[in-house]
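# Summary of structural features
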Amino acid sequence: MLTGKRALVTGSTRGLGQAIARALAGEGCDVMLNGFGDAADIEGDRAALEAETGVRVRYHGGDLATEEGADALADAAMAAFGSVDILVNNAVIRHFHAAEDFPRAEWRKALAVNLSAPFYLIQRVLPGMRAGGWGRIVNIASVMGLAARAGRADYITAKTGLIGLTRAIAAETRLDANVTCNAICPGSVLTPNTEIKIAEFIAESGLPREEAVAEFLRMRGQAMGFIQPERVAKLAVFLCQDSSFDMTGAVMPIDQGRSATWLEQD
Ligand code: NAD
């Protein structure tokens, strides 16, 4: 259990971030939610999670595309709970363009949300973790931080950078602080964003859903189906427990062996 710990999970209004926030709350952590969405839905989910788990669940809509938004989110979490013991950098935006056609405003925004915001949040919460003698930072990267696919320059660059940031923070904390910093690299996870991609693929291919899903997964080398958000959340919870103390600077694929077998997929 993580009773009494205080967590900040970015991009937790849906998808994987929501699953991680739910899992941490289930372990007894107070949780600060963040992300966009319909205000009434967010409040409904927040109140339900609080009622279900008995921990404090708060929400702050800090926009991680801006430095001010990231700072305001970290400050709100520290003000609400007194400190942040667990930071999960999960929020994401994605664009799809060839490099030569990539709008620079989208490039800047992707790097801001997907890479700079995690750095600013770490800067803000790390002193409190050091002072409290305990901290866990989990960065949600991707298999696309380990290898590339065409048309995803912003995402691949940011996720590769996030893995570097993970190692850099581990290097700065490993000798003198009970703080760990690790990265998780999921393969294809079934989240609302993935549902949108499947719907687009069905429209493009004209295939019935079952065949389209099978082809979608085949193209990604995931024969065993989608990765469930709850299974990634369990790994995140493990990385937040005392028993994972010896792991820091680690980069963990959870991808049904995709990244271990790129050559087989050629
Ligand atoms: P998603 O698109 O469903 O959710 C993203 C979340 O980030 C939402 O809550 C959204 O509101 C929030 N967000 C977006 N822009 C923001 C901003 N400017 N400020 C604050 N919050 C913002 O994403 P997902 O599919 O659940 O993915 C979650 C994480 O897992 C991401 O880091 C993603 O890269 C990683 N991942 C996902 C998959 C997958 O297949 N879904 C695969 C590998 C890695």
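Only a predicted model underlies this, so the values are computations on that prediction, with no experimental measurement involved. (Residues numbered from 1 in each chain as written. Predicted model: local features only at pLDDT ≥ 70, side-chain atom pairs only at ≥ 80, totals over all residues. Heavy atoms only, no water.)

## A look at the packing of helix H1 (residues 15-26) against helix H2 (residues 39-53)
- The contact between H1 and H2 brings their axes to 9 Å, and the two run at 25°. Between H1 and H2, the interaxial angle falls into the category roughly parallel. Every pair of crossing elements has a handedness; the one defined by H1 and H2 is right-handed. Taking contact as the criterion, the partners of Gln18, Ala21, Arg22, Ala25 and Gly26 in H1 are, on H2, Asp45, Leu49, Glu52 and Thr53. (Axes fitted to C-alpha atoms, helices over the stretch in contact; angles between N-to-C directions. Helix = DSSP H or I, 4+ residues; strand = E, 2+ residues; numbered from the N terminus. Parallel < 35°, antiparallel > 145°, perpendicular 65-115°, else oblique. Left-handed = near helix turned anticlockwise from the far one by under 90°. Contact = heavy atoms within 4.5 Å.)

## Details of the site of the ligand
- Near the ligand lie 31 residues; those nearest to it are Thr13, Asn90, Tyr155, Val189 and Thr191.
- Note that an oxygen atom of the ligand is positioned 2.7 Å from one of the backbone N or O atoms of Asn90.
- Val189 has a polar backbone atom sitting 2.8 Å from an oxygen atom of the ligand.
- Protein burial of the ligand: of its 840 Å² of free accessible surface, 94% is covered by the chains.
- At the level of elements, H1, helix H5 (153-173) and helix H6 (192-205) are the ones that each hand at least two residues to the shell around the ligand.
- The residue inventory of the shell around the ligand, partitioned by class, reads 13 nonpolar, 14 polar and 4 charged.
- Looking at which domains feed residues into the shell around the ligand, each of domain 1 (6-189 + 228-254) and domain 2 (190-226) gives three or more. (Near = heavy atom within 4 Å. Polar contact = N/O pair within 3.5 Å; in protein donor to acceptor, adjacent residues only side chain to side chain. Areas by Shrake-Rupley, 256 points an atom, 1.4 Å probe, with all protein chains shown as cover. Nonpolar A, V, L, I, M, F, W, Y, C, P; charged D, E, K, R; others polar. Domains from an automatic or database assignment.)

## Comments concerning the domain arrangement of the protein chain
- Here the protein chain is partitioned into domain 1 (6-189 + 228-254) and domain 2 (190-226).
- Its C-alpha centre places domain 1 at a distance of 26 Å from the equivalent point of domain 2.
- Listed per partner, the contact involves 12 residues of domain 1 and 11 residues of domain 2.
- Both faces combined, the contact of domain 1 with domain 2 buries some 980 Å², and carbon together with sulfur accounts for 45% of it.
- Of all residues in domain 1, the largest losses of buried area upon contact with domain 2 belong to Arg14, Ser188 and Val189, amounting jointly to 48% of the total for that side.
- Taken together, the connections running from domain 1 to domain 2 amount to 0 salt bridges.
- In this structure, the connection of domain 1 to domain 2 is made through 4 residue pairs in polar contact (both at pLDDT 80 or more).
- Only H1 and helix H8 (229-240) provide two or more residues apiece to the side of domain 1 that touches domain 2. (Buried area = accessible area lost by both parts, 1.4 Å probe. Salt bridge = Lys/Arg side-chain N within 4 Å of Asp/Glu carboxyl O.)

## Quick notes on the environment of Arg136
- Summarising the element assignment, Arg136 is placed in strand S5 (residues 135-140).
- Sequence separation of Arg136 and Met1 is 135 residues, and the distance between their C-alpha atoms is 14 Å.
- A polar atom in the side chain of Arg136 sits 3.4 Å from the backbone oxygen of Asn178.

## Details of the sheet that holds strand S2 (residues 30-34)
- An order of S3-S2-S1-S4-S5-S6-S7 is seen for the 7 strands of this open sheet, with the pairing classed as parallel. A strand with exactly one partner marks an edge of an open sheet, and here the two such strands are strand S3 (57-60) and strand S7 (251-254). Neighbour to neighbour, the strand axes of the sheet diverge by 20° on average, direction disregarded.
- Across the face of the sheet, helix H3 (residues 67-81) comes into contact with strand S1 (6-9), S2 and S3 while running at roughly 155° to S2.
- Where H8 meets the sheet, its contacts fall on strand S4 (86-89), S5, strand S6 (179-186) and S7, and the angle it forms with S6 comes to roughly 165°. (Pairing = 2+ DSSP bridges.)

## Comments concerning helix H7 (residues 209-219)
- Every buried residue of H7 is listed here: Ala212, Val213, Phe216 and Leu217. Buried residues in H7, looked at end-on, bunch into an arc of 130°, giving them a common side. The exposed residues of H7 that point more than 90 degrees off its buried face are Glu210 and Arg218.
- Contact partners of the buried residues in H7: H6. (Buried < 20%, exposed > 50% of the residue type's maximum accessible area, 1.4 Å probe, protein only. Arc of directions from axis to C-beta.)

## Some thoughts on the state of the cysteines
- Per the stated rule, a full pass over the model turns up 0 disulfides.
- In this structure Cys181 is a free cysteine whose sulfur lies 11 Å from that of Cys240, the closest cysteine sulfur available.
- Overall, the relative accessible area of 0% leaves Cys181 in the buried class.
- The structure places no disulfide on Cys240, whose sulfur is separated from the nearest cysteine sulfur, that of Cys29, by 6.9 Å. (Disulfide = S-S within 2.5 Å.)

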